[in-house]
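Breakdown of the fold
Residue-level listing of the chains:
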Amino acid sequence: MTSHFPPPKIVGAPAPLHRHTDRPFRGITMIIASTLFLAASDAMAKYLARSLPAPEVTWIRFLVFVLIMLPIVLAPSAGNPMRSARPLVQVWRGLALLSSSIFFITGLSYLPIAEAAATAFIAPVFVTGLSILFLREKVGMRRWIATTLGLIGVLVVVRPGTSAFHPAAVFPILSALGWAAALVLTRKITGVDRAITTMAFSAVTGFLVISVIVPFYWVTPSWPQILLGVGIGVSSTLGHWIVVLAFRYADASVLAPFSYVQPVWVTLLGFVVFGEVPDVWTFVGAAIIISSGVYTAHRERLRRLRPALPAEPYPSA
């Protein structure tokens, strides 16, 4: 079980994160804005994944991520962002984010964007399970019911055993598992490492690992494809950075429900850009998944004595 006491001071470790200013409206506005950037990143990733392998699209995304973070990390005021009190946890978190990105982009290659996004929002369900295994949290009956409903929502969206089922539906589910692992690991470093340290480790770890993988899938991109890849990286990085800023103004439990605006943007972009119209079961399943996630966030809000889980919007691409 997570300690209710602040972490011990570690000599040479980065300063703990500061407590946020209570301005929930500003935080909610920023979370909604972040979902627009993340949805745009999803749409561009789906478009680019039609012509380039998913590992290469992911590599371009992380390359842009590193290039954006580089001047921030090298700024004198940043100190030493790569100094972490728990470097191994930071590396594992970076690997979890990388796997989440690769699996999601792979799923976009085969699935309608709205279906992939709706399925991927099952992450809070996995967070519940992983928190029991690795954080030894106790989960009450209400959260178990919400978790079960979330799983039912996924089954409604993917419909295994029917003609509507596509084997690629497993990729957004694996992506959600990777994102959930990242969130659980985030809880372990919250209050120990600075946000810039977490961002820097995520960028460097993901880029180094995907750089080893990408030569096996490399296809020389055209300039339009490169520009689109840059757009993915910029949109995704901006979305995540706005999320980091939003948590300065409100608790995660307050902000988490508003991350579910993202499937709305994704569905609209899927219709406008790709002409995709989700069927009624995708909407029904998405509604069940979102209801489960919102209720889980509500239960987190009631657990005042425990550190709030940074329930960021799903990173997607």
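Criteria and thresholds
Residues numbered from 1 in each chain as written. Predicted model: local features only at pLDDT ≥ 70, side-chain atom pairs only at ≥ 80, totals over all residues. Heavy atoms only, no water. Helix = DSSP H or I, 4+ residues; strand = E, 2+ residues; numbered from the N terminus. Buried < 20%, exposed > 50% of the residue type's maximum accessible area, 1.4 Å probe, protein only. Contact = heavy atoms within 4.5 Å. Areas by Shrake-Rupley, 256 points an atom, 1.4 Å probe, with all protein chains shown as cover. Expected span 1.5 Å × (residues − 1). Axes fitted to C-alpha atoms, helices over the stretch in contact; angles between N-to-C directions. Left-handed = near helix turned anticlockwise from the far one by under 90°. Nonpolar A, V, L, I, M, F, W, Y, C, P; charged D, E, K, R; others polar. Salt bridge = Lys/Arg side-chain N within 4 Å of Asp/Glu carboxyl O. Polar contact = N/O pair within 3.5 Å; in protein donor to acceptor, adjacent residues only side chain to side chain. Phe/Tyr/Trp six-rings, centres within 6.5 Å; stacked < 30°, edge-to-face > 60°. Lys NZ or Arg CZ within 6 Å of the ring centre and 35° of its normal. Patch = residues over 30% accessible without salt bridge, like charges linked within 9 Å, V, L, I, M, F, W, Y side chains within 5 Å. pLDDT = per-residue confidence, 0-100.

1. Quick word on the overall build of the protein chain
- Along the backbone of the protein chain there are 12 helices and 0 strands.
- Tracing the protein chain from N to C terminus, the helices and strands come up as α-α-α-α-α-α-α-α-α-α-α-α.
- Buried residues in the protein chain amount to 51% of all 317 residues.
- In the protein chain, of all internal contacts separated by at least 6 residues, the share reaching a separation of at least 24 is 93%.
- In the structure as shown, the protein chain presents an accessible area of about 15,000 Å², 72% of it carried by carbon and sulfur atoms.

2. What to know about helix α7 (residues 170–189)
- When the terminal C-alpha atoms of α7 are compared, their 29 Å separation across 20 residues agrees well with the 28 Å that a helix rising 1.5 Å per residue should span.
- Count one or two residues on from α7 and you reach G191, which has phi positive near 85 degrees.

3. Structural notes on the packing of helix α1 (residues 24–49) against helix α3 (residues 87–108)
- Relative orientation of the contacting elements α1 and α3 amounts to 65 degrees, with a least axis distance of 8 Å. As α1 packs across α3, the resulting crossing turns out to be right-handed. Note on element contacts: α3 touches α1 through F104, I105 and L108, opposite D42, A45, K46 and A49.
- In the contact of α1 with α3, the residues fall into 5 nonpolar, no polar and 2 charged.

4. As for the pattern of salt bridges
- For the coordinates displayed, the defined rule picks out 1 salt bridge.
- Note that E276 and K46 form a salt bridge whose closest N and O atoms lie 3.6 Å from each other. Taken together, the residues span a long stretch of sequence, with E276 in the loop between α11 (262–274) and α12 (280–302) and K46 in helix α1 at a distance of 230 residues.
- Looking at K46, the relative accessible area reads 6%, which means it is buried.

5. A short note on the environment of V277
- Relative to the helices and strands, V277 resides in the loop between α11 and α12.
- Given a relative accessible area of 61%, V277 falls into the exposed group.
- Taking C-alpha positions, V277 is 8.6 Å from P112, a pair spaced 165 residues apart along the chain.

6. Some remarks on the side chain of T106
- Within the secondary structure, T106 sits in helix α3.
- Only 2.8 Å separates the side chain of T106 from the backbone oxygen of I102, close enough to count as a polar contact.
- What T106 contacts, discounting residues up to four positions off in sequence, is A54 and F171.

7. So, the packing of aromatic side chains
- Per the counting criterion, the structure on display carries 5 aromatic pairs.
- Each ring, one from F62 and one from F65, has its centre 6.2 Å from the other, and the planes form 50 degrees; the classification is tilted. Here F65 and F62 lie together in helix α2 (residues 54–74), a separation of 3 residues that amounts to about one turn. Comparing F62 with F65, the two get one shared label, buried.
- Each member of the aromatic cluster is reached from another via a ring pair, and the members are W59, F207 and W218.
- One cation-aromatic arrangement involves K46 over F274; the distance from NZ or CZ to the ring centre is 5.6 Å.

8. Here's the deal with a nonpolar patch on the surface
- Together, Y47, F271, V272, V273 and V277 line one region of the surface with nonpolar side chains, adding up to about 540 Å² of accessible area.
- It is α11 that provides the largest number of residues to the nonpolar patch, a total of 3 residues.
- You can call V273 partly exposed: its relative accessible area is 46%.

9. A closer look at the environment of V284
- Looking at where V284 falls in the secondary structure, it is placed in helix α12.
- On the basis of relative accessible area, V284 is assigned to the partly exposed category, the value being 33%.

10. Some points on the side chain of T35
- Inspection of the secondary structure puts T35 in helix α1.
- With residues near it in sequence (within four places) discarded, T35 still touches F258, S259, V261, Q262 and W265.

11. Comments concerning the confidence of the model for the protein chain
- This prediction gives the protein chain a mean pLDDT of 80; 83% of its residues lie at or above 70.
- Low pLDDT, under 50, characterises residues 1–18; the stretch is placed with 31 contacts to residues that sit more than four places away or in other chains.
- Within the model, the stretch residues 307–315 combines pLDDT values under 50 with 47 contacts to residues more than four positions away or in other chains.

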